[in-house]
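Read off the chains here:
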Amino acid sequence: MMYPISPCKAQCKLDENDICAGCHRTIDEIVNWANYTNEQKIAVFERLETQSHPD
């Protein structure tokens, strides 16, 4: 499975739990994304795919 470089949708706004309204990553995932290994990035993408998010 191929993944884009980042799940960012350029709709950045954090909720009260520090989750981005655009890409649904945590603030820690956003801040550390550039340092993540491919395995860590894939794990984030897989989590995002399995969670339902009202958009």
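Residues numbered from 1 in each chain as written. Predicted model: local features only at pLDDT ≥ 70, side-chain atom pairs only at ≥ 80, totals over all residues. Heavy atoms only, no water.

Draft legend 1. Structural detail: helix H2 (residues 38-50). Between the first and last C-alpha of H2 there are 18 Å, a value that for 13 residues agrees with the 18 Å anticipated at 1.5 Å per step. Of the residues making up H2, those classed as buried are Lys 41, Val 44, Phe 45 and Leu 48. The arc that holds every buried residue of H2, seen down its axis, measures 95 degrees, which confines them to one face. Among the exposed residues of H2, those oriented more than 90 degrees off its buried face are Glu 39 and Thr 50. Where H2 is buried, its residues meet helix H1 (27-32). (Helix = DSSP H or I, 4+ residues; strand = E, 2+ residues; numbered from the N terminus. Expected span 1.5 Å × (residues − 1). Buried < 20%, exposed > 50% of the residue type's maximum accessible area, 1.4 Å probe, protein only. Arc of directions from axis to C-beta. Contact = heavy atoms within 4.5 Å.)

Draft legend 2. Region of the structure containing a negative patch on the surface. Where like charges cluster on the molecular surface, the negative patch consists of Asp 15, Glu 16, Asp 18 and Asp 28. With relative accessibility at 72%, the residue Glu 16 sits in the exposed group. (Patch = residues over 30% accessible without salt bridge, like charges linked within 9 Å, V, L, I, M, F, W, Y side chains within 5 Å. Areas by Shrake-Rupley, 256 points an atom, 1.4 Å probe, with all protein chains shown as cover. Salt bridge = Lys/Arg side-chain N within 4 Å of Asp/Glu carboxyl O. Lys, Arg positive; Asp, Glu negative; His and termini not counted. Charge placed at Lys NZ, Arg CZ, Asp CG, Glu CD.)

Draft legend 3. Structural context of the pattern of salt bridges. Within the structure shown, the criterion is met by one salt bridge. The closest approach of N and O atoms between Arg 47 and Glu 29, which form a salt bridge, is 2.5 Å. With Arg 47 in helix H2 and Glu 29 in helix H1, this pair connects stretches of sequence that are 18 residues apart. Since its relative accessible area comes to 10%, Glu 29 is described here as buried.

Draft legend 4. Quick peek at the packing of aromatic side chains. Within the structure shown, the criterion is met by two aromatic pairs. Ring geometry for Trp 33 versus Tyr 36: centroids 5.8 Å apart, planes at 50 degrees, classification tilted. Exposure class is identical for Trp 33 and Tyr 36. Each is buried. With a centroid separation of 5.7 Å and an interplanar angle of 75 degrees, the aromatic rings of Trp 33 and Phe 45 are classed as edge-to-face. Separated by twelve residues along the polypeptide, Trp 33 in the loop between H1 and H2 and Phe 45 in helix H2 bring together distant segments of the chain. For the pair formed by Trp 33 and Phe 45, the shared burial category is buried. (Phe/Tyr/Trp six-rings, centres within 6.5 Å; stacked < 30°, edge-to-face > 60°.)

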